[in-house]
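# Structural description and commentary
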Amino acid sequence: MSALPTVAIIGRPNVGKSTLVNRILGRREAIVEERPGVTRDRNELDAEWLGREFTLIDTGGWMADEDGDELDAKVSRQSEKAIAEADVVLFVVDASVGATADDQLVADLIRRVEDKPVFLVANKVDNEKQQHLIWDLLTLGVGDPHPVSALHGVGTADMLDEIVAVLPEVEIVEEEEDPDRIFGVSIVGRPNVGKSTLFNRLIGQDRAVVHDRPGTTRDSIDTVIETDGGPLRFIDTAGMRRKAKVDEETEYYSLVRALRAVDKSDVALLVIDATVGVTAQDQRLAERVDASGCPIVILLNKWELLDADGRTEAMTSVERKLHFMGESPVLRISALTGKSVDKLWPALEESITNYSTRIPTRKVNQVIRAAQVAQAAPEGGRVLYATQGATDPPTFTLFANKELPRTYLRYLERSLREAFELGNTPIKLRVRRR
Ligand code: GDP
Ligand code: GDP
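An account of the accompanying structure is given in this report.

Parameters at a glance
Residues numbered from 1 in each chain as written. Chains lettered and ligands numbered in written order. Predicted model: local features only at pLDDT ≥ 70, side-chain atom pairs only at ≥ 80, totals over all residues. Heavy atoms only, no water. Patch = residues over 30% accessible without salt bridge, like charges linked within 9 Å, V, L, I, M, F, W, Y side chains within 5 Å. Areas by Shrake-Rupley, 256 points an atom, 1.4 Å probe, with all protein chains shown as cover. Salt bridge = Lys/Arg side-chain N within 4 Å of Asp/Glu carboxyl O. Lys, Arg positive; Asp, Glu negative; His and termini not counted. Charge placed at Lys NZ, Arg CZ, Asp CG, Glu CD. Helix = DSSP H or I, 4+ residues; strand = E, 2+ residues; numbered from the N terminus. Near = heavy atom within 4 Å. Polar contact = N/O pair within 3.5 Å; in protein donor to acceptor, adjacent residues only side chain to side chain. Nonpolar A, V, L, I, M, F, W, Y, C, P; charged D, E, K, R; others polar. Core = buried A, V, L, I, M, F, W, Y, C linked by side-chain atoms within 4.5 Å. Buried < 20%, exposed > 50% of the residue type's maximum accessible area, 1.4 Å probe, protein only. Expected span 1.5 Å × (residues − 1). Arc of directions from axis to C-beta. Contact = heavy atoms within 4.5 Å.

Right, let's talk about a positive patch on the surface for a bit. Residues Arg311, Arg332, Lys339 and Lys343 make up a contiguous surface patch of positive charge. With respect to the helices, strands and loops of the structure, Lys343 is situated in the loop between β13 (330–332) and α11 (344–355).

Here we come to the site of ligand 2. Lining the immediate surroundings of ligand 2 are 16 residues, of which Asn192, Lys195, Ser196, Thr197 and Glu304 lie closest. Asn192 places a polar main-chain atom, nitrogen or oxygen, 2.7 Å from an oxygen atom of ligand 2. Between Gly194 and ligand 2, the recorded distance is 3.0 Å, taken from a backbone N or O atom to an oxygen atom. When ligand 2 sits alone it has 570 Å² of accessible area, and the protein chains cover 78% of it. By residue class, the composition of the shell around ligand 2 is five nonpolar, six polar and five charged.

Across soluble globular proteins, you tend to see nonpolar side chains buried next to one another. Judged by nonpolar contacts, the single largest core of 26 residues is most densely connected at Ile187, Leu198, Leu202, Phe234, Leu269, Leu299 and Leu348. Mapped by element, the contributors of at least two residues to this core are β7 (183–188), α6 (195–204), β10 (230–234), β11 (267–273), β12 (296–301) and α11. For this core, the element with the most residues is α11, which contributes five residues.

Attention now moves to helix α9 (residues 280–291). Look at α9: 17 Å from first C-alpha to last across 12 residues, which is about the 16 Å you get at 1.5 Å a residue. Residues of α9 that are buried include every one of Asp282, Leu285, Ala286 and Val289, and no others. For α9, the angular spread of buried residues about the axis comes to 105 degrees, placing them on one side. Facing away from the buried side of α9, by more than 90 degrees, are the exposed residues Arg284 and Ala291. Just past α9, the residue Gly293 takes up positive phi, approximately 85 degrees.

Here we take up the environment of Asp180. Considering the arrangement of structural elements, one finds Asp180 in the loop between α5 (170–174) and β7. For the pair Asp180 and Pro231, spaced 51 residues apart in sequence, the C-alpha to C-alpha distance is 9.8 Å.

Moving on, we come to the environment of Ala286. Mapped onto the fold, Ala286 is located in helix α9. Between the C-alpha atom of Ala286 and that of Lys321, which follows or precedes it by 35 residues, the distance is 9.8 Å. Not counting residues within four places of it along the chain, the set of residues in contact with Ala286 comprises Leu270, Ile296, Leu322, Phe324 and Met325.

So this is what it looks like as structure tokens:
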């Protein structure tokens, strides 16, 4: 498979597919057959428009069988495959002839894949007077026709503008995950909530094989811990590893330090002193960490000190003051006694899985489509196509026909989060106007 986005050109013989390929390539390379019904091998050609590169897949024509009206199974399969693999489908019809039974068969193939942009190319509209011919093609049920003349190059530039606008980003396609990457975890919280105690507890556990790594700043140390789910890098553990803390960190310095660590993390453990409850400082820190775009696991530490009322109070303070982190798991632990500290590992693993998840484009589009059916955007706004452009955190690019209101984007975000069970990981949405 090519690394470039792909554009498949589909249609019955003689509608002008080869001519269109030539027009797009700007050179006469594909062979134009004058006779209908000549099968060609599938042709893949690299093309470029407005600096965007893509691969054209020309499926050729297909043989009609003896009756002259049925799709040859093999070529039809080939078209189906091309449709399935392509990022964008150009369905070419001959507007001067109108929608034929064969065109209907192709339209049926195309309608079966619901999740990619399809351009209905009304070819052989050589001049203005023929414009009216295109309305007959609405009966194909695959969207609005784009009138062009492949032969004379009329309308093709406008259509190419629209095509490259919906192509997925090239750098997205080529982005590769490093399989040996070690995910980073930071432990953040106000002074004295128990970060060091927790960290020492974590490296003290039997499972932990520890090695130090120089961190990113001069006074920082990262520690790699082997876990059942693979190695994890705890970020800037310098202060936490010191047996006796020489000087008490100031509130401000610990905030700066925490945010620096969070920036390098794939997940953050936010430690709260359960005996105090969520303070305004905790809240501010939580907001900053949340805004940095990494998932958060909330730890209510010193849990063993609380009686039943105290526990209820602590939970209530989380619900009230950290409600904006509603998706984050809340673990009740005692770093000092080690109680429930083990619950950290599965919570970290799940957060990291969600954070680095990659969802197939087909599924992204299914969810966006269903969300739009359930609740359409106001004023005719519509997402035409969506793709996950990046991970860490999951970042989705939505190609829309116009600007979409924030509330509607939040609705789409919620739909994606629920459908793919993304839990506490932040989601980013980028909107591109087509
Ligand atoms: P394909 O086999 O479906 O790819 O179609 P071709 O590209 O081989 O074209 C079939 C015939 O239609 C050729 O004679 C072309 O010259 C002609 N043709 C293609 N595009 C146009 C067009 O925009 N206008 C007119 N009038 N003829 C066209
Ligand atoms: P840091 O400043 O966030 O790193 O906090 P420390 O780990 O230095 O802990 C501050 C104080 O809280 C120390 O006296 C710890 O012994 C105590 N502490 C930490 N975790 C717990 C816990 O789970 N239960 C109790 N009772 N005390 C704890």
